[in-house]
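# What the coordinates show
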Amino acid sequence: MALERRADHWVWVGGPVPPGSDAITVGRVIILRRRCAGDSHLMRHEQEHLRQWRELGVGRFLAQYLGAYMRGRSHGYGHKAAYRLIPLEVEAEQAAVDADNADQ
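These remarks concern the structure in this document. (Residues numbered from 1 in each chain as written. Predicted model: local features only at pLDDT ≥ 70, side-chain atom pairs only at ≥ 80, totals over all residues. Heavy atoms only, no water.)

With that out of the way, let us pick up the overall build of the chain. The helix and strand inventory of the chain stands at three helices and four strands. Helices and strands in the chain line up, N terminus first, as β-β-β-β-α-α-α. A compact globule built from 104 residues should have a C-alpha radius of gyration of about 13 Å, and the chain, at 14 Å, falls within 12% of that. Each of the three principal axes of the chain carries a C-alpha extent, and together these read 40 × 30 × 25 Å. Here the chain, with 104 residues, has 33% of them falling under the buried criterion. Put simply, 29% of the contacts in the chain that link residues at least 6 apart link residues at least 24 apart. As presented, the chain carries roughly 6,500 Å² of accessible surface, and 57% of it is formed by carbon and sulfur atoms. (Helix = DSSP H or I, 4+ residues; strand = E, 2+ residues; numbered from the N terminus. Rg over C-alpha atoms; globule rule 2.2 N^0.38 Å. Buried < 20%, exposed > 50% of the residue type's maximum accessible area, 1.4 Å probe, protein only. Contact = heavy atoms within 4.5 Å. Areas by Shrake-Rupley, 256 points an atom, 1.4 Å probe, with all protein chains shown as cover.)

This is the structure:
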């Protein structure tokens, strides 16, 4: 497993990632599956989560993220749909798409 220090965060390739996910960001650590290490879109998505963690702090990030997920589930959405509707996920995906488009 490769753990690399970047400017203000760490990237851990091959670290523990939840089943069904390609990556996860926890605080200042981006954890990627090995097969996804070269995925620039995924990295941009996770870098937006870094920004969110910094801006919101641990308590507010977790409250917003988990609260939105639980609201989705309580409204009858399955796991994937509830996950995709989390505003912090929507924001991270849009930031990645915008960055991809800026490179073109």
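This next bit is on the packing of helix α1 (residues 40-74) against helix α3 (residues 87-103). α3 packs onto α1 with a crossing angle of 160° between their chain directions and a minimal axis gap of 8 Å. Judged by the inter-axis angle, α1 sits roughly antiparallel to α3. Where α1 crosses over α3, the two elements pack in a sense that is right-handed. Residues His-41, Arg-44, His-45, Glu-48, His-49, Arg-51, Gln-52, Leu-56, Phe-61, Gln-64, Tyr-65 and Ala-68 of α1 pack against Pro-87, Leu-88, Glu-89, Glu-91, Ala-92, Glu-93, Ala-95, Ala-96, Val-97, Ala-99, Asp-100 and Asp-103 of α3. Classifying every residue of the contact of α1 with α3 gives 11 nonpolar, five polar and eight charged. (Axes fitted to C-alpha atoms, helices over the stretch in contact; angles between N-to-C directions. Parallel < 35°, antiparallel > 145°, perpendicular 65-115°, else oblique. Left-handed = near helix turned anticlockwise from the far one by under 90°. Nonpolar A, V, L, I, M, F, W, Y, C, P; charged D, E, K, R; others polar.)

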